[in-house]
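Okay, here's what each chain looks like letter by letter:
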Amino acid sequence: DGCSQLSAYERKRLKNITENAKFFAALKLHESAARLQKIATKRQSHVTKRAKPKKAEDETVRRRSMRLQRVEPSGIPMPELPSQPEAEEYPQVPAGPLPMVPEDEMENRKLTEDLLATWMRITNVSLLLSRYQESLNSMVLSEENIKKVVKYRVCSMAIHPSESIIFVAAGDKSGQVGLWNVNCESEEGAHVFVPHTYSVNCMHFSPCNPAHLLSLSNETLRCGDVTKAVFDEICRSEDSFSSFDFLEDNASTAIVGHWEGNVALVDRRTPGTSSELSADIGFQRTRTVHVHPVNKQYFIAAGSTDVGIYDVRYLKSRGNKPVSVLKGHTKSVASAYFSPVTGNRVVTVCADDKLRHNNDTGRWLTRFRAIWDPKQEDCFVVGSMARPRQIEVFQDTGKLLHSFYNLDCLGSVCSINVVHPSKNILVGGNSSGRLHVF
């Protein structure tokens, strides 16, 4: 046969192929492969094929509005938007405190000052009315806080700004000045001095040095200096003095009112006891003068039926005209004072009783003077003829906020009152020289 012609190698290879074929046939691999193929085909028939995404060219074109296409309804293309400007470079602000100066320094300076003044005003009025009334309710009078400090009728008072000791000064109609340490419980707490011959009409502790107590009577203005234990004489005049107030925070200058109507400028730094200027402001009588708390070139004067605001920079001997006149009173005006923080309000006391407040004190009582609470811009304190005897607190609207009274301890009219600048303390003085501390 053909195998005999093959070489020994060829015959052996063929033999191996034949034996391998017989071996695989015995394993039945072909049948198993066919069966597996059949199973795989059956499973694939149940699988859902994922739909192929359509190509971009097959998609329908989306409809766009004419606004998005930037085309006018008429079909005319809209102009292109201007290109965005590049970000501005802002100037570098230096570190540390900066003055409150507007960005444009050429702006109206007065408007800027008004804005800042408004900010200051609404900030300085710190107590809400309800809280203020609560503080008033907490102030009570007790027997140990009543003392006869001067011999006769109290005409003026001042309270030391100390927050640790309640220290009060009172002046009476005979020229006496009484000093009372309210915290001292012994009888030695009050002492009387006689630096004046006539009624002590006005008193103030120096705003820059509370060791100085300035007191004014009809003939002299004196400074009680506790460091030297002396009542120095600052000014003397034949014309009767009625009141005074400081023109500067350093208390070096003052405006002084005369009962005859004039006002005088006093400078404590100049030698002698004469005033720098006596000015006729057109009043028949000047009872009180008071300097504006912010713009200290202005002062308000109250007289017969007159209340006027003047600029001290333009005062001269005669022919002075007020910057502003407060009209409406028909009878004698006892006092007029600016509100303590902004000076935007003025409270006056007049015999016409326009506040529906009985101010008819008669000849035996010191005339009422309504004074502002230094801690509250819109509330003032005034004595009362009402019974039971009391001291009243009003809002600037005329609303009565509080009445200080004590049926057991307060049985007289307190014409003169003073309020502590930072603590809830009120002192009332009566016609017999007694002081009452609430």
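Preceding this paragraph is the structure being described.
Residues numbered from 1 in each chain as written. Predicted model: local features only at pLDDT ≥ 70, side-chain atom pairs only at ≥ 80, totals over all residues. Heavy atoms only, no water.

Chemist: An account of a negative patch on the surface is needed here, citing residue identities and associated values.
Modeler: Taken together, the side chains of Glu143, Glu144, Glu185 and Asp408 define an acidic patch exposed on the protein surface. Tracing the chain through its elements places Glu143 in the loop between helix 4 (129-137) and strand 1 (146-148). (Patch = residues over 30% accessible without salt bridge, like charges linked within 9 Å, V, L, I, M, F, W, Y side chains within 5 Å. Areas by Shrake-Rupley, 256 points an atom, 1.4 Å probe, with all protein chains shown as cover. Salt bridge = Lys/Arg side-chain N within 4 Å of Asp/Glu carboxyl O. Lys, Arg positive; Asp, Glu negative; His and termini not counted. Charge placed at Lys NZ, Arg CZ, Asp CG, Glu CD. Helix = DSSP H or I, 4+ residues; strand = E, 2+ residues; numbered from the N terminus.)

Chemist: Explain empty space enclosed by the protein to me, and be specific about the residues and the numbers.
Modeler: Taken as a whole and assessed by the stated rule, the structure comprises 1 cavity of 30 Å³ or more. In this structure, the largest cavity spans a volume of roughly 70 Å³. In terms of lining residues, the largest cavity is bounded by 14 residues, among which Tyr132, Leu136, Met139, Asp373 and Val419 are the most central. The element contributing the most residues to the lining of the largest cavity is helix 4, with 3 residues. Here the residues of the lining of the largest cavity sort into 9 nonpolar, 2 polar and 3 charged. (1 Å grid on protein atoms, 1.4 Å probe; cavity = no way out; pocket = protein on both sides within 12 Å on 5 of 7 lines; lining within 4 Å. Points joined across faces, edges and corners; volume = space filled by probe spheres on them. Nonpolar A, V, L, I, M, F, W, Y, C, P; charged D, E, K, R; others polar.)

Chemist: I'd like to hear about the pairing of strand 4 (residues 177-181), residue by residue, with values.
Modeler: Most of strand 4 sits out of view: 4 of its 5 residues are buried. Relative to strand 4, strand 3 (residues 167-172) runs antiparallel, the two sharing 5 bridges. The partner of Gly171 across the bridge, within strand 4, is Val177. Counting the residues that bridge the hairpin from strand 3 to strand 4 gives 4 residues, and of these Gly175 lies at a positive phi of roughly 105 degrees. Taken together, the 4 bridges between strand 4 and strand 5 (residues 190-193) define a ladder with antiparallel strand orientation. (Buried < 20%, exposed > 50% of the residue type's maximum accessible area, 1.4 Å probe, protein only. Pairing = 2+ DSSP bridges.)

Chemist: Quick rundown of the pairing of strand 15 (residues 298-303)? Include the residues and the values.
Modeler: Counted residue by residue, strand 15 has 5 buried out of 6 residues, so it is predominantly covered. Sheet analysis places strand 14 (residues 286-291) next to strand 15, joined by 5 bridges and oriented antiparallel. Note that in strand 15 the partner of Thr286 across the bridge is Gly303. Where strand 14 folds back onto strand 15 in an antiparallel hairpin, the turn is made up of 6 residues. The antiparallel hairpin formed by strand 15 and strand 16 (residues 307-311) contains 3 residues in its connecting segment.

Chemist: Mind laying out the side chain of Asp373, listing which residues take part and the relevant values?
Modeler: Residue position: Asp373 is located in the loop between strand 20 (371-372) and strand 21 (379-383). Excluding residues that lie within four positions of it along the chain, Asp373 makes contacts with Tyr132, Pro340, Cys379, Phe380, Val419 and His420. (Contact = heavy atoms within 4.5 Å.)

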